[in-house]
Amino acid sequence: DATPVAAVSAEVYRLLASPTLPATPLLTPAGYLLAQGKFSARLERFFQALFGWMPGGIAVMVGAVCAVFTTFTGGSGVTIIALGGLVYPMLMRARYPEGFSLGLVTASGSLGLLFPPSLPVILYSVVASVPAHSIFLAGLLPGLLLVVLVAGYGVREGLKREAAGAQRSK
C-alpha cells in the first residue's frame, strides 16, 4: 500500500504492541481445555434440554451448540472436529439425510465467528486498527440472524422428516 520501507518496522511494532493481540494465544489453550473437559458433551445436553422438544429440535440444537463452541474456541475447524463426532451420529440416528447432517455440522461450525471473543475478529481488529468492540457490535445482528436462519432451516427439515415418517407408518 505504498508504505515506505523505513516505516515497516514501526508498523510491525504498532501491530505487536496492540492491547488485543495478547488474547490471541490464550484462545488455543482455552479450546484445548474445553475439548479435554468434555465441554462439548455438557453443552450438547444443555441445548438438548432447551430445544429437544420441538420439531427439528436436534438440528436447532446442533446449530446452537456449534455457534457457542465456535465463539469460545475461535475456529470453525476446531468446532467441526470437536463436535462433529458427537452431533453427526445424533443427526443420523434421528434419520436426517446424510447431506443435510454434514452440511449442518459444517455450516454451523462457522456461526459463532461473529460473536465475542472470536479469534478472527480480534485479529482483524488488530490488522485494521479498528477497536474490537466495534466489530463485535457490528457483527452481533448478522450473527444472530444467521443462527436464526439455520435454526429455521433445521425446524423445516425436522417437520419434513416427521411428515415423511408419519406417511411411512400409515
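Because the structure is a prediction, the values reported are computed rather than measured. (Residues numbered from 1 in each chain as written. Predicted model: local features only at pLDDT ≥ 70, side-chain atom pairs only at ≥ 80, totals over all residues. Heavy atoms only, no water.)

Throughout the structure, instances matching the rule amount to two salt bridges. In this structure, Glu157 engages Arg156 in a salt bridge whose closest nitrogen and oxygen atoms are separated by 3.7 Å. On the basis of relative accessibility, which here comes to 44%, the residue Arg156 falls in the partly exposed class. When the shortest N-O distance is used, the salt bridge between Lys160 and Glu157 registers 3.3 Å. (Salt bridge = Lys/Arg side-chain N within 4 Å of Asp/Glu carboxyl O. Buried < 20%, exposed > 50% of the residue type's maximum accessible area, 1.4 Å probe, protein only.)

Moving on to a nonpolar patch on the surface. Nonpolar side chains collect at one region of the surface, where Leu145, Leu146 and Leu149 lie side by side and expose about 290 Å² of accessible area between them. Considering the arrangement of structural elements, one finds Leu149 in helix α8 (residues 132-169). (Patch = residues over 30% accessible without salt bridge, like charges linked within 9 Å, V, L, I, M, F, W, Y side chains within 5 Å. Areas by Shrake-Rupley, 256 points an atom, 1.4 Å probe, with all protein chains shown as cover. Helix = DSSP H or I, 4+ residues; strand = E, 2+ residues; numbered from the N terminus.)

A few words now on helix α4 (residues 57-73). Over its 17 residues, α4 extends 24 Å from the first C-alpha to the last, a length consistent with the 24 Å expected when each residue adds 1.5 Å. For α4, the tally of buried residues reaches 15 of 17 residues, placing the bulk of the element in the interior. Downstream of α4 by one or two residues, Gly74 has phi in the positive range, about 85°. (Expected span 1.5 Å × (residues − 1).)

This part covers the packing of aromatic side chains. By the definition in use, this model includes two aromatic pairs. For the ring pair Tyr96 and Phe100, a centre distance of 5.3 Å and an interplane angle of 25° mean the geometry is stacked. Each member of the pair, Tyr96 together with Phe100, is buried. Ring geometry for Phe100 against Tyr153: centres 5.5 Å apart, planes inclined by 55°, an arrangement best described as tilted. Placement of the pair is Phe100 in helix α6 (residues 98-108) and Tyr153 in helix α8, with a sequence separation of 53 residues. (Phe/Tyr/Trp six-rings, centres within 6.5 Å; stacked < 30°, edge-to-face > 60°.)

What follows deals with unusual backbone geometry. Its identity as a non-glycine residue notwithstanding, Arg95 has a phi of 65°, on the positive side. Structurally, Arg95 is set in the loop between α5 (76-93) and α6. The phi dihedral of Ser129 is positive, around 55°, even though this residue is not glycine. The residue Ser129 is located in the loop between α7 (119-128) and α8 in this model. Since its relative accessible area comes to 45%, Ser129 is described here as partly exposed.

This next bit is on the packing of α4 against α5. Contact geometry of α4 with α5 gives a least axis separation of 9 Å together with a crossing angle of 160°. When the axis of α4 is compared with that of α5, the two are roughly antiparallel. At the point where α4 passes α5, the crossing takes the right-handed sense. In this structure, α4 contributes Ile58, Ala59, Met61, Val62, Val65, Cys66, Phe69, Thr70 and Thr73 to the contact, and α5 contributes Ser76, Val78, Thr79, Ala82, Leu83, Val87, Met90 and Leu91. A breakdown of the residues in the contact of α4 with α5 according to their chemical character gives 13 nonpolar, four polar and no charged. (Axes fitted to C-alpha atoms, helices over the stretch in contact; angles between N-to-C directions. Parallel < 35°, antiparallel > 145°, perpendicular 65-115°, else oblique. Left-handed = near helix turned anticlockwise from the far one by under 90°. Contact = heavy atoms within 4.5 Å. Nonpolar A, V, L, I, M, F, W, Y, C, P; charged D, E, K, R; others polar.)

It is worth spelling out the side chain of Ser108 at this point. Here Ser108 lies in helix α6. With near-sequence residues (within four places) excluded, Ser108 lies in contact with Val62, Gly63, Cys66, Ala67, Thr70, Gly103 and Val150.

Let us now look at the nonpolar core. Ile58, Met61, Val62, Leu91, Tyr96 and Leu104 are the most contacted members of the largest nonpolar core, which totals 22 residues. Counting only elements with at least two residues in this core, the list comes to α3 (39-51), α4, α5 and α6. One finds Val121, Ala132, Ile135 and Phe136 within the second-largest nonpolar core, a separate group that totals five residues. (Core = buried A, V, L, I, M, F, W, Y, C linked by side-chain atoms within 4.5 Å.)

Before going further, it helps to examine the packing of α4 against α6. Between α4 and α6, the least distance of the axes is 8 Å, while the angle of their chain directions is 25°. Relative to α6, the element α4 is oriented roughly parallel. Regarding α4 and α6, the two cross each other, and that crossing is right-handed. Here Ala59, Val62, Gly63, Cys66, Ala67 and Thr70 of α4 lie close against α6, whose contacting residues are Phe100, Leu104, Val105 and Ser108.

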